Amino acid sequence: ARRCASPAGDKMAGADGDDSLYPIAVLIDELRNEDVQLRLNSIKKLSTIALALGVERTRTELLPFLTDTIYDEDEVLLALAEQLGNFTMLVGGPEYVHCLLPPLESLATVEETVVRDKAVESLRKISHEHSPVDLEVHFEPLVKRLASGDWFTSRTSACGLFSVCYPRVSSTVKAEIRQHFRNLCSDDTPMVRRAAASKLGEFAKVLELEYVKSDIISLFTALASDEQDSVRLLAVEACVSIATLLPQEDLETLVMPTLRQAAEDKSWRVRYMVADKFSELQKAVGPEITKNDLVPAFQNLLKDCEAEVRAAAANKVKEFCENLPEDSRETIIMTHILPCVKCPEVRLNIISNLDCVNEVIGIRQLSQSLLPAIVELAEDAKWRVRLAIIEYMPLLAGQLGVEFFDEKLNSLCMAWLVDHVYAIREAATCNLTKLVEKFGAEWAQNTIVPKVLGMANDPNYLHRMTTLFCINALSEACGQEITTKHMLPVVLKMSNDQVANVRFNVAKSLQKIGPVLDSNCLQAEVKPVLEKLAADQDIDVKYFAQEAVSVLALA
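Each chain carries its own residue numbering, running from 1 in the direction its sequence is written. Predicted model: local features are reported for residues with pLDDT of at least 70 only, side-chain atom pairs are reported and counted for 80 or more only, and whole-chain, interface and lining totals are derived from all residues. Side-chain measures here rest on the full set of heavy atoms in the structure, leaving out hydrogens and waters.

- Looking at an unreviewed UniProt entry, one finds the protein named Serine/threonine-protein phosphatase 2A 65 kDa regulatory subunit A beta isoform, with Astyanax mexicanus as its source organism.
- Regarding the protein, the UniProt comment filed under Sequence similarities (unreviewed entry) reads as follows: "Belongs to the phosphatase 2A regulatory subunit A family." UniProt positions are given in the numbering used here, feature names are shortened, and annotations may be inferred rather than shown by experiment.

**Overview of the packing of helix H30 (residues 422-439) against helix H31 (residues 441-454)**
Then comes step 1: In contact at an axis separation of 9 Å, H30 and H31 are set at 160 degrees when each is read in the N-to-C sense. Viewed along their axes, H30 and H31 adopt a mutual orientation that is roughly antiparallel. Considering only the axes of H30 and H31, their crossing is left-handed. Across the interface between the two elements, Leu432, Leu435, Val436 and Phe439 from H30 touch Trp443, Ala444, Ile448 and Val452 from H31. What counts as an axis is a line fitted to C-alpha atoms, over the stretch in contact for a helix, and the angles between N-to-C directions run from 0 to 180 degrees. Each helix is a run of DSSP H or I of at least 4 residues and each strand a run of E of at least 2, with the numbering of both proceeding from the N terminus. Orientation is classified from the angle alone, with under 35 degrees giving roughly parallel, over 145 giving roughly antiparallel, 65 to 115 giving roughly perpendicular, and any other angle giving oblique. Crossing handedness is read from the near helix: turned anticlockwise from the far helix by less than a right angle, it gives a left-handed crossing, and turned clockwise, a right-handed one. The contact criterion used throughout is that any non-hydrogen atoms of two residues lie within 4.5 Å.

**So, the layout of surface pockets**
Then comes step 1: Only protein atoms enter the 1 Å grid used here. Points where a 1.4 Å probe fits but cannot escape make up a cavity, open sets with protein on both sides within 12 Å along at least five of seven lines make up a pocket, and a residue lines them when an atom lies within 4 Å of a point. Grid points are joined across faces, edges and corners, and a volume is the space filled by probe spheres set on the points. Empty space within the largest pocket amounts to approximately 280 Å³.
Then comes step 2: Around the largest pocket, the lining comprises 15 residues; the ones closest to its centre are Thr113, Arg116, Asp117, Thr156 and Ala195.
Then comes step 3: Breaking the lining of the largest pocket down by element, the ones donating at least two residues are helix H8 (113-127), helix H10 (152-159) and helix H13 (190-198).
Then comes step 4: Residue lining of the second largest pocket: Glu105, Thr109, Val110, Glu111, Arg145, Leu146, Gly149, Asp150, Trp151, Phe152, Thr153 and Ser154, and that is the complete set.
Then comes step 5: Put simply, the parts of the chain that give the lining of the second largest pocket at least two residues each are helix H9 (132-147) and H10.
Then comes step 6: Following the grouping adopted for this structure description, the nonpolar residues are Ala, Val, Leu, Ile, Met, Phe, Trp, Tyr, Cys and Pro, the charged ones are Asp, Glu, Lys and Arg, and the polar ones are all others, Gly among them. Looking at side-chain class alone, the lining of the second largest pocket contains 4 nonpolar, 4 polar and 4 charged residues.

**Notes on the pattern of salt bridges**
Then comes step 1: Just to be clear on terms, a salt bridge is a Lys or Arg side-chain nitrogen sitting within 4 Å of an Asp or Glu carboxyl oxygen. This structure, assessed with the given rule, holds 22 salt bridges.
Then comes step 2: Put simply, Lys144 and Glu176 hold a salt bridge, and the shortest N to O gap is 2.2 Å. In this pair, Lys144 sits in helix H9 while Glu176 sits in helix H12 (residues 171-185), placing the two residues 32 residues apart along the sequence.
Then comes step 3: Relative accessibility thresholds used throughout: buried, under 20% of the residue-type maximum; exposed, over 50%; partly exposed, between the two (1.4 Å probe, protein chains only). Looking at Glu176, the relative accessible area reads 31%, which means it is partly exposed.
Then comes step 4: For Arg232, the salt bridge is made with Asp265, and the minimal N-O distance between the two is 2.8 Å. Taken together, the residues Arg232 in helix H16 (residues 229-245) and Asp265 in the loop between helix H18 (256-263) and helix H19 (268-276) connect sequence positions 33 residues apart. Here Arg232 and Asp265 have matching classes, each one buried.
Then comes step 5: Residues joined in a network through salt bridges with shared partners are Glu140, Lys144 and Glu176.

**Describing empty space enclosed by the protein**
The rolling of a water-molecule-sized probe over the atoms marks out the regions of remaining empty space.
Then comes step 1: Going through the model one piece at a time under the given rule, you end up with 2 cavities of 30 Å³ or more.
Then comes step 2: Forming the walls of the second largest cavity are Met256, Leu259, Arg260, Ala263, Val274, Phe278, Asp293, Leu294 and Ala297.
Then comes step 3: Taken together, the elements giving at least two residues each to the lining of the second largest cavity come down to H18 and helix H21 (287-302).
Then comes step 4: Looking at which element gives the most residues to the lining of the second largest cavity, the answer is H18, with 4 residues.
Then comes step 5: The class makeup of the residues in the lining of the second largest cavity is 7 nonpolar, no polar and 2 charged.

**Description of the confidence of the model for the protein**
Should pLDDT be low for a region, the predicted coordinates there are not to be read in detail.
Then comes step 1: The pLDDT score gives, residue by residue, the confidence of the prediction method on a 0 to 100 scale. Confidence in the prediction for the protein averages 84 pLDDT; 89% of positions are at 70 or higher.
Then comes step 2: At the level of individual helices and strands, the protein shows its lowest average pLDDT in helix H1 (residues 7-14), which scores 43, and its highest in H13, which scores 93.
Then comes step 3: Note that residues 1-17 has pLDDT below 50 and, in this model, 36 contacts with residues that lie over four places away or in other chains.

**Overview of the packing of aromatic side chains**
Then comes step 1: Between the rings of Phe, Tyr and Trp (Trp by its six-membered ring), a pair exists once the centres lie within 6.5 Å; its type follows the angle of the planes, with under 30 degrees stacked, over 60 edge-to-face, and the other angles tilted. Enumeration over the complete set of coordinates arrives at 13 aromatic pairs.
Then comes step 2: Seen from their ring centres, Tyr166 and Phe203 are 5.6 Å apart, and the 85 degrees between their planes marks the pair as edge-to-face. Pair noted here: Tyr166 is in the loop between helix H11 (162-165) and H12 and Phe203 is in helix H14 (residues 200-206), with a separation of 37 residues, a long-range link.
Then comes step 3: Tyr166 sits in the buried class, given a relative accessible area of 0%.
Then comes step 4: Within the aromatic cluster, the residues linked to one another by ring pairs are Phe162, Tyr166, Phe181 and Phe203.
Then comes step 5: By definition, being over a ring means that NZ of Lys or CZ of Arg is both within 6 Å of the ring centre and within 35 degrees of the ring normal. Geometry around Phe544 places Lys508 over its ring, the cationic atom sitting 4.9 Å from the centre.

**Regarding the side chain of Arg386**
Then comes step 1: In this fold, Arg386 is placed in helix H28 (residues 383-400).
Then comes step 2: A distance of 2.9 Å separates a polar atom in the side chain of Arg386 from a polar atom in the side chain of Asp419.
Then comes step 3: What Arg386 contacts, discounting residues up to four positions off in sequence, is Leu377, Ala378, Glu379, Asp380, Ala381, Trp416, Asp419, His420, Val421 and Ile424. As used in this structure description, the phrase polar contact means that two N or O atoms lie within 3.5 Å; if the pair is within protein, one of them must be able to donate a hydrogen and the other to accept it, and residues adjacent in sequence are counted only when both atoms belong to side chains.

**Observations concerning helix H3 (residues 36-44)**
Then comes step 1: Buried within H3 are the following residues: Arg39, Leu40, Ser42 and Ile43. Taken down its axis, H3 places every buried residue within 160 degrees of arc, on the same side.
Then comes step 2: With a side-chain oxygen lying 2.9 Å from the backbone nitrogen of Gln37, the N-terminal cap of H3 falls on Asp35. This arc is taken over the directions from the axis of the helix to the C-beta atoms.

What follows is the structure, encoded as structure tokens:
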């Protein structure tokens, strides 16, 4: 059997014939049971066992038993690693917290990553409960053992423990910790270097500034040039923390060369990480370096050959522009950022944040720079791009004003109504309603309604149906007069259409616009047409006409 018995376990299971400890014996048996679920349940009840045993027997019997039997399924070990992080009071408080180190040390070396991570989390938690003396006597030697372990698993776990013990130990021990961290940053195993890179920023925060400059910068430079891209991208993440710790005058020489190199890395994953962290980097390095260094880097990321990198940079456009120094903000946006707006995802991002960008540089300049981009997107071959730009039209309309809209964008809105993709025609119809709400019924009557009604004579029946869909959407926004005078006659005329689909949509439209019309009009004009459609040869036309009669109470 792979379960490992221990004398401590036997003694506990026997429990000296004391009936009050019988449940403990049962739980210990469960810990040895072949059934994983029973063992898992038992681990989850560990605090109950510890409470019943009392602090002394927990220290002398339960913990040795657990340490000896760490050969189990990952889910059981994960539960154990989590439980032990909350065990301080159950072993007698901070004075005895070091008793929890042996089982957690074993768990920090197992093969399964989630178990190791949980053990490290619990070790970090209980490190704060050690006195400075206990930290040096018990905790720091554990960190050293892990850091110099034969298996990479123990060395990766050590990376997460340096920062929690460093601030509270003597200067001699601090020097040893720094040396161990340096060794792990150049470990032969990529997984260890990756773990060290992921903790570099955190470790830098607890170091004295002189050691940040002498140790951390050289480690950062080395990790950022590592042969593995998974290590390099983690070094980018550390760059944010390191930059915030250094005085401004040191940034240019110590950090920027490495950051420039990362922004042009041959791996798209590293460039993606630079793009993703761009706003944080911008705040960390300050306005001058942003102007001289980050602006060109950001331009390149917006034009990157990989779509994922461009998208990540596009998501930072708004924040990047907002955080630019005010005296040069407009110039940078106009001369450096907007000209990069060549890729659909970047353009869409700028357009979606138009209100913010508009506040920064003014609508006239913006409209001239963005208009070609908007037009191109509106006619993009990918229908999802066209759909996205339609959704921004009401925002554009509000920002650009009615004159500019009529001159430059109105024709686009009408073209979408006859797009070959239904989702675009549907979105274009909703878009018209929002525009009418923004610009008013009179604007609709002069600009939109004539064009929509003109489509009623289109040879393509799908376009004729779009006329009906637009009327349905616009009738309420346009009001009774425009609906009765201009739209209703067209709908009634279309009841004679050759295509049944159009005729039954006439019935549906009459039902939809009915509430906007007055009762005389309903009786005199709508009712006869619906009665005629209710006698149509087509079953669907009949059905929808009868439904409209019933809903409008015209029977």
